[in-house]
Amino acid sequence: MTSIAIIGTGFGGLGAAIELKQAGYDDVTIFERADDVGGVWRENTYPGAACDVPSPYYSFSFEPNPRWPRRFSPQPAILDYLRDVTAKYDLKRHIRFNTSVSGADYDESTRRWTVHTSGGDVEADVVISAVGQLSRPSWPNIKGRETFEGASFHSALWDHSVDLTGKRVAVIGTGASAIQFVPEIQPQVAKLSLFQRTPPYIVPRPDTEFSPLHHRVFSALPVTQLTERLAWFGVTETMGVAFLYSKPLAKALTALSRRHMRKQVPDPELRAKLWPSYPVGCKRILFSSNYLPALTEPNVEVITDGISEITATGVRTNDGMLHEVDVIIYGTGFTASDFLAPLQIRGVGGQDLREQWTDGARAYLGMSVPDFPNFFIMYGPNTNLGSGSIVTMLESQASYIRKAIDHARDAGPISVRADVAEEFDRDTQGRLSGSVWSMCSSWYRNASGRVAANWPGTVTEYRLRTARFNEKDYEVA
Ligand code: N01
């Protein structure tokens, strides 16, 4: 029987396990470092944490949830959804909680993997990494950061024991996380100093509460929720096309964002500070209807001077001004380019995946690497989206990986052919070098400028390209 080890219990790991179990694989072990499922939806508990992709679309296609509390559901509802899915598909008995994985080694003599876990070594025929791209908080490298004497924490490690009421609070960063928690904490704090390095494009968030009536209709007529899902698929695919292929569509998105800002920020001076100077879509477009109004409140200051240092009492900017604060919150994102870190994965000949990836992570269709037989990656390099639901990408990956495992079960351990992987990477990078994502810095790119995170096309293209497993692309180890 094929034994399969999966690392992580976010949407990726759970989705892979469901696909495999439904195909008849039962020797599936999922390693989870925490005591609960959920991945980033367990970790990120900051005030206002919610998905900026509508829930009917940001959920498994085979498991619609008629009880979403809102169109853009908050983090606790998404975590509950993942717990429910875990229970419904009887996944708990496969999960080893509180067990972190440090790496895995392929043994050519046994043609199996040894997975190194905090609970001891485990042998497996197949290893699937589902550790995500956004699981390790990134702390900015600012001089004096450790000298600050007040409370400080990262948005992904929110310290709920710190009472922000009446405090002077600095927020560093204006990405997807910050724009969600800033409007939540603004009414509570005495003063909010928002340190913005690069402003995001913001468009309205058409959020709505799903009432008991919605829930009844979604339950009785599942086609209604499917319609909402398909509508959002259409909207986000169109946005993807705007970023990648269509200047007129990109212009229309820019105009929508500009109108939103004009409406929500009457002060032209503040508006000028908040308006981006890079092409739309280069950084993630953010859906929010309450972030900009919060910035117009008298207790908020948007600071665009660069930060020179952090002192014991506050944040000093390049103009020499010390902004004294009681608390610093880092909304500074994640170390996304460090794929699979800190796992040490060693394939044929003991070669270390991280060494293969010194000039940037790459994998065929984001999932397979030459000389790493029966090793697969969910949400790997070049599978992130500028627009759309990553859950649809993960479903495609789960299905493709299952088909690869079906083939390997008969043929023996397989790895993608080096020439196929190289050709794929050349084509991917060629397309990305002309894309909007190469025009500014963001977590989509690594330190050398390579766009390592994003898929260069639409979700539809990815689904079509992964729909079939072509055994000619692979060789038996
Ligand atoms: O992180 P980010 P995030 N000095 O990297 C700034 C997903 N997500 O946690 O743009 C000053 O976007 C940095 O400035 P700049 C989503 O995919 C999803 O907000 O580099 N500033 C930027 O403003 C998202 O894209 C949801 O110039 C510094 C900010 O910190 C991804 O997670 C919700 C700095 C980091 O923004 C990451 O979002 C939340 C420094 N030294 C997140 N270093 C959903 O709803 C960094 N910054 C699904």
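Please read all numbers here as calculations on a predicted model, not as lab measurements.

A. Representation of the overall build of the chain within the structure. The secondary structure content of the chain amounts to 13 helices and 21 strands. Reported as C-alpha extents along the three principal axes, the dimensions of the chain are approximately 65 × 55 × 45 Å. For the chain, buried positions account for 57% of its 477 residues. Put simply, of all contacts in the chain between residues at least 6 apart along the chain, 71% involve residues at least 24 apart. Accessible surface for the chain amounts to roughly 19,700 Å². Of this, 51% is attributable to carbon and sulfur atoms. Here the chain contributes 49 positively and 53 negatively charged side chains, and the mean placements of these two sets differ by 6 Å.

B. Representation of the sheet that holds strand 15 (residues 314-317) within the structure. Spatial strand order, 14-15-16: three strands in an open sheet with antiparallel pairing. Each edge of the open sheet carries a strand with a single partner, namely strand 14 (307-310) and strand 16 (322-324). Across the sheet, the mean angle from the axis of one strand to that of its neighbour is 25°, orientation sign disregarded. In the sheet, strand 15 pairs with strand 16 via three bridges, with the strands oriented antiparallel. By the bridge assignment for strand 16, G314 is matched with E324.

C. Molecular detail of the state of the cysteines. Tallied over the full model, the rule gives one disulfide. With a sulfur-sulfur separation of 2.0 Å, C282 is cross-linked through a disulfide to C440. Looking down the S-S bond of the C282 and C440 bridge, the torsion is -115°, so its handedness is left-handed. With a gap of 158 residues between them, C282 in the loop between helix 8 (268-274) and strand 12 (286-287) and C440 in the loop between helix 12 (418-433) and helix 13 (459-466) connect regions that are remote in the sequence. Comparing C282 with C440 shows no difference in burial state: the two are buried.

D. Structural view of the layout of surface pockets. As a volume, the second largest pocket reaches approximately 310 Å³. In terms of lining residues, the second largest pocket is bounded by 17 residues, among which F243, K247, A250, P279 and V436 are the most central. Where the lining of the second largest pocket is concerned, the elements lending two or more residues are helix 6 (222-244) and helix 7 (247-264). Per-element accounting of the lining of the second largest pocket gives the leading share, four residues, to helix 7.

E. Representation of helix 1 (residues 11-22) within the structure. With twelve residues, helix 1 should cover 16 Å at 1.5 Å per step; its first-to-last C-alpha distance of 16 Å lies within 8% of that length. Helix 1 sits mainly inside the fold: ten of its twelve residues count as buried. Those residues of helix 1 that fall on the buried side of the exposure criterion are F11, G12, G13, L14, G15, A16, A17, I18, L20 and K21.

F. Highlighting the site of the ligand. Of all residues adjacent to the ligand, which total 22 residues, the nearest are D52, A176, S177, T198 and K283. A distance of 2.8 Å separates an oxygen atom of the ligand from a polar atom in the backbone of A176. A distance of 2.9 Å separates an oxygen atom of the ligand from a polar side-chain atom of R197. About the coverage of the ligand: the protein hides 84% of its 920 Å² of free accessible area. Looking at the shell around the ligand residue by residue, the classes come out as nine nonpolar, nine polar and four charged.

G. Up close: the nonpolar core. Formed by 61 residues in total, the largest nonpolar core has its most connected members in I4, I6, F11, I128, Y364 and I405. With ten residues, the top contributor of residues to this core is helix 11 (residues 390-411). Beyond its immediate chain neighbours, meaning those up to four positions away, I405 contacts T2, I4, L20, Y25, V126, I128 and F376. Counting 50 residues, the second-largest nonpolar core is a separate cluster that includes L244, L274, Y444 and V451.

H. Representation of the domain arrangement of the chain. Domain boundaries assigned for the chain yield domain 1 (4-37 + 91-136 + 336-476) and domain 2 (145-209 + 213-330). Taking the mean C-alpha position of each, domain 1 and domain 2 sit 31 Å from one another. Contact with domain 1, which involves 21 residues of that partner, is made by 17 residues of domain 2. When domain 1 packs against domain 2, the two sides together hide about 1,500 Å² of surface, and 59% of this comes from carbon and sulfur. At the junction of domain 1 and domain 2, the tally comes to zero salt bridges. Applying the counting rule to domain 1 against domain 2 returns six residue pairs in polar contact (both at pLDDT 80 or more). At three residues, helix 13 tops the list of elements feeding residues into the side of domain 1 that touches domain 2. Across the side of domain 1 that touches domain 2, the residue classes tally to eight nonpolar, ten polar and three charged.

I. Summary view of helix 11. With 22 residues, helix 11 should cover 32 Å at 1.5 Å per step; its first-to-last C-alpha distance of 31 Å lies within 8% of that length. Taken from the residues just after helix 11, G412 is the one with a positive phi, measuring 105°.

J. Broad picture of the environment of T9. Mapped onto the fold, T9 is located in the loop between strand 1 (4-7) and helix 1. Look at T9 and you get buried, because its relative accessible area is 1%. The spatial distance from the C-alpha of T9 to the C-alpha of I95 is 8.2 Å, given a sequence separation of 86 residues. When residues no more than four places from it in sequence are discounted, the contact partners of T9 are L14, I30, E32, D36, V37, G38, G39, R42 and I95. A polar atom in the side chain of T9 sits 2.6 Å from the side chain of E32.

Calculation rules
- Residues numbered from 1 in each chain as written.
- Predicted model: local features only at pLDDT ≥ 70, side-chain atom pairs only at ≥ 80, totals over all residues.
- Heavy atoms only, no water.
- Helix = DSSP H or I, 4+ residues; strand = E, 2+ residues; numbered from the N terminus.
- Buried < 20%, exposed > 50% of the residue type's maximum accessible area, 1.4 Å probe, protein only.
- Contact = heavy atoms within 4.5 Å.
- Areas by Shrake-Rupley, 256 points an atom, 1.4 Å probe, with all protein chains shown as cover.
- Lys, Arg positive; Asp, Glu negative; His and termini not counted.
- Charge placed at Lys NZ, Arg CZ, Asp CG, Glu CD.
- Pairing = 2+ DSSP bridges.
- Axes fitted to C-alpha atoms, helices over the stretch in contact; angles between N-to-C directions.
- Disulfide = S-S within 2.5 Å.
- 1 Å grid on protein atoms, 1.4 Å probe; cavity = no way out; pocket = protein on both sides within 12 Å on 5 of 7 lines; lining within 4 Å.
- Points joined across faces, edges and corners; volume = space filled by probe spheres on them.
- Expected span 1.5 Å × (residues − 1).
- Near = heavy atom within 4 Å.
- Polar contact = N/O pair within 3.5 Å; in protein donor to acceptor, adjacent residues only side chain to side chain.
- Nonpolar A, V, L, I, M, F, W, Y, C, P; charged D, E, K, R; others polar.
- Core = buried A, V, L, I, M, F, W, Y, C linked by side-chain atoms within 4.5 Å.
- Domains from an automatic or database assignment.
- Buried area = accessible area lost by both parts, 1.4 Å probe.
- Salt bridge = Lys/Arg side-chain N within 4 Å of Asp/Glu carboxyl O.

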